[in-house]
Amino acid sequence: MRVLAINDVSCVGKCSLTVSLPIISACGIECSVLPTAFLSTHTGGFTGYTFRDLTDDIPNILNHWETLGLKFEYICSGYLGSIAQIELVADIKKRFLADGGKFIVDPVMGDNGKLYAGFTPEYVEKMRELCREADYILPNVTEACYLADIPYPLTQENAAEALNRLKKLCKQPIVTGILEDDDIFVHYVDENGKACQYAHENVEGFFHGAGDVFTSAFIGCLARGKSEATAIKLASDFVAASIRRTAIEVEDKRYGLNFEAETFAFLQALNEE
Ligand code: PXL
C-alpha cells in the first residue's frame, strides 16, 4: 500500500507536505512525496518568502518512477503552483494510479473568501477540470464557492446547493469549515449520493494548515480501510482537538496547528474504530 502526496514543501509554517508526511506515516501507511515547489514559508500571512517552482523537475522524476514500475493505491494533490502543474497531476493519475486506486484532490486555492497570492480565474477553471478526475475533492468554503460559482460564504442554507453543484464535478465532494451559530460543519456526499454532515463546536479565529491536517488524516484513515464517514469523523475530531490546543498554546497562528501533540489520541481512535 502506497500513498503519493503531491504538494509543496513550505519549510516553516506547518502545511502541505510537512503535514501529510508525518500524519500519513503515523497512520502506518507509506507516504511517497512529489514536491511541487519549495518555499521558505507558506504564503498565508508571511511576506518576503522565497518560492522555487519545481515543475521542470517533475517529468524526469515521473520517467524514473515508470522504470521502477511504481503504482500508488492513493494519489492526492494539494497546492499546485501553476496551470502547467494541474496538467501534470492529471497525467500522473493516468500513469501511476493503481487499478481500483483512489484519486483525491484538495483544490488548494484560497481562504477567507479570497484566492491565495498568484491564483487567477483561469486557474480556478483548470482546477474544476482536475476535480472532474477525482474520487474525492476536499474544498474549504472559499474553494467550494469558487468551484461551484456561489457567492462566499456558505451557510447551512446554500451549502446543499453548493454540494449539488460540486457533485457535478466529483461524485463525493467533502466541504470543510461551514459555520453555523457556534458550530463548524463538514458537509459531504456519501457513496450512495446522500448528503451528510458532521459538526464540532467552533473555536474563534483562523488556524493555518487545518485543511491540510484534515485531508492528510482523511487519507490515512481511508488507506487503513475505514469508510468515508469514519475517515471524516476521525479526521474532524483530530483537527478539532488540534485547534483547541493551538488556540491556547500557539501565539502566532501562521506557524500552523500543534497536531503533533494530538497524534497519539488520533491513532488510538483510529485503532479502536
Ligand atoms: O495550507 C495551504 C497552503 C499550502 N501551500 C502553500 C500555501 C498554503 C496556504 O497559504 O501558501 C504554499
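Draft legend 1. Broad picture of the overall build of the protein. Broken down by element type, the protein carries 9 helices and 11 strands. Relative to its length of 273 residues, the protein is compact, with a C-alpha radius of gyration of 17 Å against a globular reference of 19 Å. Principal-axis analysis of the C-alpha atoms places the extent of the protein at approximately 50 × 40 × 40 Å. Burial statistics for the protein: of 273 residues in total, 54% are counted as buried. Of all intrachain contacts in the protein linking residues separated by at least 6 positions in sequence, the fraction that spans at least 24 positions is 66%. Total accessible area on the protein stands at roughly 12,100 Å², and carbon and sulfur atoms take up 50% of it. Charged side chains in the protein number 24 positive and 39 negative. The centres of these two groups are separated by 4 Å.

Draft legend 2. Representation of the site of the ligand. Close contacts around the ligand come from 13 residues, with Asp8, Thr43, Tyr79, His208 and Asp212 the closest. Within the side chain of Ser16, a nitrogen or oxygen atom sits 3.3 Å from a nitrogen atom of the ligand. Thr43 is positioned with one of its side-chain polar atoms (N or O) 2.6 Å from an oxygen atom of the ligand. Contact with the protein chains removes 97% of the 310 Å² of surface that the ligand exposes when unbound. For the ligand, the cavity whose grid points lie within 2 Å of the majority of its atoms is the largest pocket. Looking at the shell around the ligand residue by residue, the classes come out as 5 nonpolar, 6 polar and 2 charged.

Draft legend 3. Broad picture of the side chain of Gln85. Considering the arrangement of structural elements, one finds Gln85 in helix H3 (residues 83-96). Given a relative accessible area of 2%, Gln85 falls into the buried group. Not counting residues within four places of it along the chain, the set of residues in contact with Gln85 comprises Thr36, Asp53, Leu54, Thr55, Ile58 and Leu80.

Draft legend 4. Summary view of the nonpolar core. Ile75, Met127, Leu130 and Leu154 are the most contacted members of the largest nonpolar core, which has 48 residues in total. Residue contacts for Ile75: discarding those within four places in its chain leaves Leu4, Ile6, Ile92, Lys93, Phe96, Leu97, Lys102, Phe103 and Ile104. Within the second largest apolar cluster, 41 residues are counted, among which are Cys76, Ile174, Tyr188 and Cys221.

Draft legend 5. Broad picture of the packing of aromatic side chains. On inspection of all chains with the given rule, the structure shows 10 aromatic pairs. Ring geometry for Phe238 and Phe266: centres 4.3 Å apart, planes at 5 degrees, overall stacked. Placement of Phe238 in helix H8 (residues 228-249) and of Phe266 in helix H9 (residues 263-272) is noted, with a sequence separation of 28 residues between them. For Phe238, a relative accessible area of 3% puts it in the buried group.

Draft legend 6. How the structure looks around the packing of helix H2 (residues 58-67) against H3. With their axes 12 Å apart at the nearest point, H2 and H3 run at an angle of 5 degrees to one another. When the axes of H2 and H3 are compared, the pair comes out roughly parallel. The segment H2 lies against H3, with Ile58, Leu62, Asn63, Trp65 and Glu66 engaging Gln85, Leu88, Asp91, Ile92, Arg95 and Phe96. When grouped by side-chain class, the residues that make up the contact of H2 with H3 number 6 nonpolar, 2 polar and 3 charged.

Cut-offs applied
- Residues numbered from 1 in each chain as written.
- Predicted model: local features only at pLDDT ≥ 70, side-chain atom pairs only at ≥ 80, totals over all residues.
- Heavy atoms only, no water.
- Helix = DSSP H or I, 4+ residues; strand = E, 2+ residues; numbered from the N terminus.
- Rg over C-alpha atoms; globule rule 2.2 N^0.38 Å.
- Buried < 20%, exposed > 50% of the residue type's maximum accessible area, 1.4 Å probe, protein only.
- Contact = heavy atoms within 4.5 Å.
- Areas by Shrake-Rupley, 256 points an atom, 1.4 Å probe, with all protein chains shown as cover.
- Lys, Arg positive; Asp, Glu negative; His and termini not counted.
- Charge placed at Lys NZ, Arg CZ, Asp CG, Glu CD.
- Near = heavy atom within 4 Å.
- Polar contact = N/O pair within 3.5 Å; in protein donor to acceptor, adjacent residues only side chain to side chain.
- 1 Å grid on protein atoms, 1.4 Å probe; cavity = no way out; pocket = protein on both sides within 12 Å on 5 of 7 lines; lining within 4 Å.
- Sits in = over half its atoms within 2 Å of the grid points.
- Nonpolar A, V, L, I, M, F, W, Y, C, P; charged D, E, K, R; others polar.
- Core = buried A, V, L, I, M, F, W, Y, C linked by side-chain atoms within 4.5 Å.
- Phe/Tyr/Trp six-rings, centres within 6.5 Å; stacked < 30°, edge-to-face > 60°.
- Axes fitted to C-alpha atoms, helices over the stretch in contact; angles between N-to-C directions.
- Parallel < 35°, antiparallel > 145°, perpendicular 65-115°, else oblique.

Worth remembering: the numbers are spatial, not functional.
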